[in-house]
Amino acid sequence: MNNRLKVLRAERNWSQAQLAVQLDVSRQAINAIETGKHDPLLPLAFRIARLFGMPIEEIFNDGQG
């Protein structure tokens, strides 16, 4: 799954650790999502979308269509 998490985080000058604290996950989890090694579960995807004030589909894309 493709995602814009790294770009959105960088636009706000947040470190992976800062984002992780806001989402109550580990920095390693943020890194794994940003690099495409892990797709977030739906509850985390919703928290990410709320934090950035965007619909989930603007952040995450399955590459289809």
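Above this note sits the structure.
Residues numbered from 1 in each chain as written. Predicted model: local features only at pLDDT ≥ 70, side-chain atom pairs only at ≥ 80, totals over all residues. Heavy atoms only, no water.

(A) Unusual backbone geometry, seen in detail. One non-glycine residue, Asn13, lies in the positive phi region at around 55°. Mapped onto the fold, Asn13 is located in the loop between helix 1 (5-11) and helix 2 (16-23). With a relative accessible area of 68%, Asn13 lands in the exposed category. (Helix = DSSP H or I, 4+ residues; strand = E, 2+ residues; numbered from the N terminus. Buried < 20%, exposed > 50% of the residue type's maximum accessible area, 1.4 Å probe, protein only.)

(B) Broad picture of the side chain of Glu34. Checked against the element boundaries, Glu34 lands in helix 3 (residues 27-34). A polar side-chain atom of Glu34 sits 2.5 Å from a polar atom in the side chain of Arg9. In terms of polar contacts, Glu34 uses its side chain to reach the side chain of Gln16, at 2.8 Å. Leaving out residues up to four positions away in the same chain, Glu34 has contacts with Asn3, Leu5, Lys6, Arg9 and Gln16. (Polar contact = N/O pair within 3.5 Å; in protein donor to acceptor, adjacent residues only side chain to side chain. Contact = heavy atoms within 4.5 Å.)

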